[in-house]
Amino acid sequence: MKQEITLLDVTLRDGSHSMRHAFTEEQVRQVARGFEQAGVKYFEVSHGDGLGGSSLQYGFSTVDELKLIEAASEECKNANISVLILPGIGLKEDMEDAKRAGAKMVRVATHVTEADVAKQHIHLGRNLGLKTVGFLMMAHMAPTATLVQQAKLFESYGAEIVYVTDSAGALLPHEVKEKVSALKENLSCEVGFHAHNNLSLAMANSMAAVEAGATYIDGSLRCLGAGSGNTQTEVMVAVFERLGYESGIKLFPIMDVANEVVAKFMPRPQEITGSSLMMGYSGVYSSFLLFTQEAAKRYNVDERDILLQLGKMQAVGGQEDLIYEVARELVAKNVITK
Ligand SMILES: CC[C@H](O)CC(=O)C(=O)O
Ligand SMILES: [Mn+2]
């Protein structure tokens, strides 16, 4: 018997960062149809910053996310839609609307030390009959003991899966192994892992997570996601099959949706550039990439200097305005490198 793993695709949510939240309904329908044909069990659709993320701070969505969730759900019989919510950005009403639009799973995301803010959202997810998940972001910023403590909070609220989320793509394989193993030892629920490829380690880290007992692994087609993107879903299908795991996803159909659909609307290839490498190196939130590039251009400073400073300051999601502040400070200190 092959061991089962669930590959959860986040192209239509994490990829939204890279698309500047401009997914069209037709793009979402085409990808959703591809997922259905390929046998994907779960895929995520929301603004990049989760439900309610469409705003001046995070970037406005071109098409309302509820319309996109509804469109995706119309294309699927067996594939299930997940939505992400960050308490404080998304409201509980957004979760109810998402459920009405067809969502079957909710992932409640908090900073790695702030699981306590998710209690009501986890309760609501369970009451709505959604598969309910805790998502601990910026996992590199907390020691493993803290991560375990926070994951236990999620589990005590009713989360059915708890994720180790490497938002900055900063973790190394042995650290992923340590964190996932600790969660497996201390929790009864399932454990998931979400990677970013800023240090070219997304696949290695995803393998380390599965070997340590994670049963849910996130990926995106052609790596479409924040920073250098996520673990490449279609590559994971191939690699995990070779390793003897069963994801239920068919290789050629998933490759087709990656190459015939997603590759055609991607604004740029998901490369490891100087600045995304710097995000992994200094531990900066992957979704800061495009904002940093804009700030560097506006103030004529080096993106890498901004990112190094943000890493030192331990900036977290929601502090996007700091990016511009840091760029202005670099100008004031005369650090003009371009
Ligand atoms: C802003 C939400 C964020 O993109 C969630 C996520 O995918 C991560 O932390 O990596
Ligand atoms: Mn992510």
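Since we're looking at a predicted model, the values are computed, not measured.

What counts as what
Note on numbering: residues in each chain are counted from 1, in written sequence order. Each chain takes a letter, starting from A, and each ligand takes a number, starting from 1, following the order in which they are written. For a predicted model such as this one, the threshold for reporting local features is a pLDDT of at least 70, and the threshold for listing and counting side-chain atom pairs is 80 or more; totals across whole chains, interfaces and linings nevertheless cover every residue. The basis for the side-chain values is all heavy atoms of the structure; hydrogens and waters are excluded. Simply put, an axis is a line fit to the C-alpha atoms, just over the touching stretch for a helix, and the angle between two N-to-C directions goes from 0 to 180 degrees. Each helix is a run of DSSP H or I of at least 4 residues and each strand a run of E of at least 2, with the numbering of both proceeding from the N terminus. When an angle is under 35 degrees it counts as roughly parallel; over 145 it counts as roughly antiparallel; between 65 and 115 it counts as roughly perpendicular; any other value is oblique. Two helices cross in a left-handed way if the nearer one is turned anticlockwise from the farther one by less than a right angle. They cross in a right-handed way if the turn is clockwise. The contact definition used throughout considers only heavy atoms, calling two residues in contact when any of these lie within 4.5 Å. Residue type decides the class: Asp, Glu, Lys and Arg count as charged, Ala, Val, Leu, Ile, Met, Phe, Trp, Tyr, Cys and Pro as nonpolar, and the leftover types, Gly among them, as polar. For a helix, the expected span equals 1.5 Å multiplied by the residue count minus one. Under the scheme applied here, a residue whose accessible area is under 20% of the maximum for its type counts as buried, over 50% as exposed, and between as partly exposed, the area being computed with a 1.4 Å probe on protein chains only. Counted as a polar contact is a pair of N or O atoms within 3.5 Å, where, for protein atoms, one must be capable of donating a hydrogen and the other of accepting one, and residues adjacent in sequence contribute only when both atoms are in side chains. A pair of strands is labelled paired if DSSP reports no fewer than 2 bridges between them. Two rings from Phe, Tyr or Trp (for Trp, the six-membered ring) form a pair when their centres are within 6.5 Å of each other. A pair whose planes differ by under 30 degrees is stacked, one over 60 is edge-to-face, and the rest are tilted. Ring-over charges, as used throughout, are those where CZ of Arg or NZ of Lys falls within 6 Å of the ring centre and within 35 degrees of the ring normal. Water is not among the atoms examined, so metal sites may look incomplete; donors are the N, O and S atoms within 2.8 Å of the metal, or within 3.2 Å for Na, K and Ca. UniProt positions are given in the numbering used here, feature names are shortened, and annotations may be inferred rather than shown by experiment. Residues are classed as near a molecule or strand on a simple rule: at least one heavy atom within 4 Å of it. Computed with a 1.4 Å probe, the accessible areas rest on the Shrake-Rupley method; for each residue, only the protein chains presented here act as cover. Take a side-chain nitrogen of Lys or Arg and a carboxyl oxygen of Asp or Glu: if they are within 4 Å of each other, that pair is a salt bridge.

**A short note on the packing of helix H7 (residues 173-186) against helix H8 (residues 202-211)**
At a closest axis distance of 8 Å, the pairing of H7 and H8 adopts a crossing angle of 30°. Between H7 and H8, the angle is such that the two are roughly parallel. Along this stretch, H7 crosses H8, giving a crossing that reads as right-handed. Contacts between H7 and H8 pair Pro-173, Val-176 and Val-180 from the former with Ala-204, Asn-205, Ala-208 and Ala-209 from the latter. Residue composition of the contact of H7 with H8, grouped by class: six nonpolar, one polar and no charged.

**With respect to H7**
With 14 residues, H7 should cover 20 Å at 1.5 Å per step; its first-to-last C-alpha distance of 20 Å lies within 8% of that length. Buried-residue contacts for H7 involve helix H6 (144-157), strand S7 (161-165), strand S8 (190-194) and H8.

**Points about the environment of His-123**
Mapped onto the fold, His-123 is located in helix H5 (residues 119-127). You can call His-123 partly exposed: its relative accessible area is 36%. Residues His-123 and Tyr-157 lie 34 residues apart in sequence; the distance between their C-alpha atoms is 6.5 Å.

**A word on the side chain of Thr-215**
Mapped onto the elements, Thr-215 comes out in the loop between H8 and strand S9 (216-219). Within the structure, Thr-215 has its side chain in polar contact with the side chain of Glu-190 (distance 2.7 Å). When residues no more than four places from it in sequence are discounted, the contact partners of Thr-215 are Glu-4, Ile-5, Thr-6, Glu-190 and Val-191.

**Remarks on the sheet that holds S8**
The strand order S2-S3-S4-S5-S6-S7-S8-S9 describes a closed barrel built from eight strands, whose pairing is parallel. Recorded for the sheet is a direction-independent mean angle of 25° between the axes of neighbouring strands. Relative to strand S4 (residues 80-85), strand S3 (residues 42-44) runs parallel, the two sharing three bridges. Opposite Tyr-42, over in S4, you have Asn-80 as the bridge partner.

**A few points about the packing of aromatic side chains**
In total, this model carries six aromatic pairs according to the counting rule given. On the numbers, 6.4 Å between centres and 50° between planes, the contact of Tyr-42 with Tyr-216 is tilted. Separated by 174 residues along the polypeptide, Tyr-42 in strand S3 and Tyr-216 in strand S9 bring together distant segments of the chain. Tyr-216 carries the same exposure label as Tyr-42, and that label is buried. Here the guanidinium or amino end of Arg-107 rests over the ring plane of Tyr-163, the centre of that ring lying 4.7 Å away.

**Considerations on the coordination of the manganese ion (ligand 2)**
Of the protein atoms, only Asp-14 (OD), His-194 (NE2) and His-196 (NE2) coordinate the manganese ion (ligand 2), at distances of 2.1 to 2.2 Å. In the primary structure, the donors to the manganese ion (ligand 2) are separated according to the pattern D-x179-H-x1-H. With Asp-14 in the loop between strand S2 (6-9) and helix H1 (15-18) and His-196 in the loop between S8 and H8, this pair connects stretches of sequence that are 182 residues apart. His-196 matches Asp-14 in its accessibility class, with the two residues each being buried.

**Things to note about the UniProt feature "domain: Pyruvate carboxyltransferase" (unreviewed entry) in the protein chain**
Those places that UniProt annotates as "domain: Pyruvate carboxyltransferase" (unreviewed entry) correspond, in this numbering, to residues 5-255. For residues 5-255, the helix share is 40%, the strand share is 18%, and the end-to-end C-alpha distance is 19 Å.

**A short note on the site of ligand 1**
Looking at ligand 1, there are 13 residues lining it, with Arg-13, Asp-14, His-17, Asp-49 and Ser-167 nearest. Measuring from an oxygen atom of ligand 1, one finds a side-chain N or O atom of Asp-14 at 3.0 Å. One of the side-chain nitrogen or oxygen atoms of His-196 is found 3.1 Å away from an oxygen atom of ligand 1. Protein contact buries 98% of the 300 Å² of open area that ligand 1 shows by itself. Broken down by class, the residue content of the shell around ligand 1 amounts to four nonpolar, six polar and three charged.

**Structural notes on the pattern of salt bridges**
Tallied over the entire structure, the rule returns 13 salt bridges. For Arg-20, the salt bridge is made with Glu-294, and the minimal N-O distance between the two is 2.9 Å. Pair noted here: Arg-20 is in the loop between H1 and helix H2 (25-38) and Glu-294 is in helix H12 (residues 289-299), with a separation of 274 residues, a long-range link. Owing to a relative accessible area of 43%, Arg-20 belongs among the partly exposed residues under this scheme. The class for Glu-294 is partly exposed, based on a relative accessible area of 36%. Where salt bridges share partners, they join Arg-13, Asp-14, Glu-44, Arg-107 and Asp-218 into one cluster.

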